[in-house]
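Here is how the chains run, residue by residue.
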Amino acid sequence: MLKPVVAANWKMHKTLKEAEDYLHRLLELVGAEPPVELVICPSFTALALAARVLAGSPIALGAQNGHPQKEGAFTGEVSMHQLADLGVRYVICGHSERRHLFGETDAFVAEKVNAAWAYGLTPILCVGETLEERRAGQAWEVVERQLRAALADGLSGPLVIAYEPVWAIGTGVPAQPQDAQDMARRIRAWLVEHFGAAGKDVRIQYGGSVKPENAHAFLRLPDIQGALVGGASLDPDAFWRIALAASGDRPSW
Ligand code: PGA
């Protein structure tokens, strides 16, 4: 049985004071042994603070991005090596905002995934189709291409996959739970086909307008083991309510 993993993607939000208040409140809510794995991905500016506040707690630290090179002349970038040094354990790779707003290619996302493993981090690999691609019946084709590219060199460490249809991100319009389930089932089958038993250990999240009100509908689906949450993760109480929706008896697939 896979333990669900619920991750907060703060994107470009929160000052240090806001980040600190949030984390103290979340720690209060979560207690010593939360029933699901929780990951907080703050902005780079708040990572060191978050590492300090979360040290020794059951909440893991994640980053929203990371550069594959260990170090060098890459102005404005932060490397996976530096993230690992800070105590970061997860790193989001290939978020659709990175792909679409910053031109990240499938090949670059693959480099990031491999570098994450090289430095002992767990990549949260984001995949998902645009509305046009879904309407054209190409949703699986696109997701499969993204998976194939990102995992071309194999599965060399623990992995989380976030299925995030682009049109559901930040729009308040989530996918239909049945569509998310269908996609997650196909992703799982693909992973097992390509990587055998190791493909069964990958946790698959749904992301895109997850809120406390709809979290149940996604987190109880048989092939979904967590969520990647943007907007609704900015409030610690709302994020915790979402995390709780992922707890309870999980069907073992
Ligand atoms: P959202 O973002 O929850 O605000 O839709 C999800 C994401 O971008 O990971």
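Here the structure is shown first, and the text comes after it.
My aim in this report is to walk through the structure given alongside it, one point at a time. (Residues numbered from 1 in each chain as written. Predicted model: local features only at pLDDT ≥ 70, side-chain atom pairs only at ≥ 80, totals over all residues. Heavy atoms only, no water.)

Looking only at helices and strands, one finds 10 helices and eight strands in the protein. Taken over the C-alpha trace, the protein has a radius of gyration of 17 Å; the compact-globule value for 253 residues is 18 Å, and the two agree within 12%. Judged by the C-alpha coordinates and their principal axes, the protein covers about 45 × 45 × 35 Å. Counting over 253 residues, the protein shows a buried share of 55%. Across the protein, the fraction of contacts at a sequence separation of at least 24, relative to all contacts at a separation of at least 6, is 73%. When the accessible surface of the protein is totalled, it reaches about 11000 Å², and 52% of it is carbon and sulfur. In the protein, which carries 24 positive and 29 negative side-chain charges, the distance between the mean positions of the two groups comes to 2 Å. (Helix = DSSP H or I, 4+ residues; strand = E, 2+ residues; numbered from the N terminus. Rg over C-alpha atoms; globule rule 2.2 N^0.38 Å. Buried < 20%, exposed > 50% of the residue type's maximum accessible area, 1.4 Å probe, protein only. Contact = heavy atoms within 4.5 Å. Areas by Shrake-Rupley, 256 points an atom, 1.4 Å probe, with all protein chains shown as cover. Lys, Arg positive; Asp, Glu negative; His and termini not counted. Charge placed at Lys NZ, Arg CZ, Asp CG, Glu CD.)

The next point concerns the sheet that holds strand β6 (residues 160-163). Pairing is parallel in the closed barrel, where eight strands are placed in the order β1-β2-β3-β4-β5-β6-β7-β8. Taken pair by pair, the neighbouring strands of this sheet meet at an average axis angle of 25°, ignoring direction. Sheet analysis places strand β4 (residues 90-93) next to strand β5 (residues 122-127), joined by four bridges and oriented parallel. Directly across from isoleucine 92, in β5, lies its bridge partner isoleucine 124. Those strands touched by helix α5 (residues 106-118) are β4 and β5, and its axis lies near 160° from that of β5. (Pairing = 2+ DSSP bridges. Axes fitted to C-alpha atoms, helices over the stretch in contact; angles between N-to-C directions.)

This next bit is on the site of the ligand. Near the ligand you find 13 residues, and of these Lys11, His95, Glu164, Gly170 and Ser209 are the closest. Measuring from an oxygen atom of the ligand, one finds a side-chain N or O atom of glutamate 164 at 2.7 Å. The contact in question runs from an oxygen atom of the ligand to an N or O atom on the backbone of serine 209, over 2.7 Å. Across the complex, the protein chains shield 95% of the 280 Å² of accessible surface that the ligand would expose by itself. Broken down by class, the residue content of the shell around the ligand amounts to four nonpolar, seven polar and two charged. (Near = heavy atom within 4 Å. Polar contact = N/O pair within 3.5 Å; in protein donor to acceptor, adjacent residues only side chain to side chain. Nonpolar A, V, L, I, M, F, W, Y, C, P; charged D, E, K, R; others polar.)

Before going further, it helps to examine the pattern of salt bridges. Oppositely charged side chains can pair when the atoms bearing their charge come close. Under the definition given, this model contains 14 salt bridges. Between glutamate 37 and arginine 89 there is a salt bridge, with its nearest N and O atoms 3.7 Å apart. Pair noted here: glutamate 37 is in strand β2 (residues 37-41) and arginine 89 is in the loop between α3 (80-86) and β4, with a separation of 52 residues, a long-range link. Take glutamate 37: its relative accessible area is 16%, and that puts it in the buried class. For arginine 89, a relative accessible area of 44% gives the class partly exposed. Here arginine 134 makes a salt bridge to glutamate 129, at a shortest N to O gap of 2.6 Å. Arginine 134 sits in the partly exposed class, given a relative accessible area of 24%. (Salt bridge = Lys/Arg side-chain N within 4 Å of Asp/Glu carboxyl O.)

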